[in-house]
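Structural features, examined
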Amino acid sequence: MTTSEKALRSQRLNQITNEPHSKLDALVKAHAPFETRANFARFVVAQYLFQSELVDLYNDAELTAIVPDLPARCRAEAAKADLADLDTEVPAPVAGAVKNPSKARALGWIFVSEGSKLGAAFLIKRAVALELSETFGARHLGEPEGGRAEGWKSFVRTLDSLQFTAEEEAEVEQGAIDAFNRFTVLLEQAYATEAEPA
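This write-up is about the structure you can find in this document. (Residues numbered from 1 in each chain as written. Predicted model: local features only at pLDDT ≥ 70, side-chain atom pairs only at ≥ 80, totals over all residues. Heavy atoms only, no water.)

1. Some words on the packing of aromatic side chains
The full count for this structure, using the stated rule, is 7 aromatic pairs. Ring plane angle 40° and centroid distance 6.0 Å describe the contact between Phe40 and Phe43, whose orientation is recorded as tilted. Of this pair, Phe40 and Phe43 both sit in helix 3 (residues 37–53), separated by 3 residues, roughly a single helical turn. Each member of the pair, Phe40 as well as Phe43, carries the same accessibility label: buried. Every member of this aromatic cluster is reached through a ring pair, and the members are Phe34, Phe40 and Phe43. A cation over a ring is seen here: Arg9 above Phe164, with NZ or CZ 4.1 Å from the ring centre. (Phe/Tyr/Trp six-rings, centres within 6.5 Å; stacked < 30°, edge-to-face > 60°. Helix = DSSP H or I, 4+ residues; strand = E, 2+ residues; numbered from the N terminus. Buried < 20%, exposed > 50% of the residue type's maximum accessible area, 1.4 Å probe, protein only. Lys NZ or Arg CZ within 6 Å of the ring centre and 35° of its normal.)

2. Observations regarding the environment of Gln51
The residue Gln51 is located in helix 3 in this model. With 122 residues separating them in the primary sequence, Gln51 and Glu173 have C-alpha atoms 19 Å apart. Contacts of Gln51, omitting those with residues within four sequence positions, involve Tyr58, Cys74, Arg75, Ala76 and Ser113. (Contact = heavy atoms within 4.5 Å.)

Below, the structure is given as structure tokens:
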């Protein structure tokens, strides 16, 4: 079957997540994470919460069999180091994290997490204005080894090549939508629990 007969899975995922993605982008802008370091620290709290919830998926044996470099792609530790740089406490977990999803659903979550590395290319430039960098305060936005574009392309090639049942197709789509919705919840939480000014 040629790819022109059926939209690639990754393209379909981009289409069906367009609405939650747009909502999330608008919410991020509303919180103005690049106005002050304090605002940015809240953004990192959300990033850390999201990435820490995905650690088990990034280290899952079944998923690593599909994407061998998956464990190295996880950014939870980078976000944790950023929190330390920003003198921000590591947040407590927020109820509602993804638990033991099916393989297809898990790949939907990872699709969203990996895709966010492309957007991070623009965010890191803005973080520089706050005197943050890939080695201080904005590590989780840093360029992955091998480059952003290549890392994303290799992940998408693998995802698009998998043989899924109709049920699995529905699960990967649901996983991607759930991931955007979850990040939205965590972002709201991170900015709602803003530390009182000292």
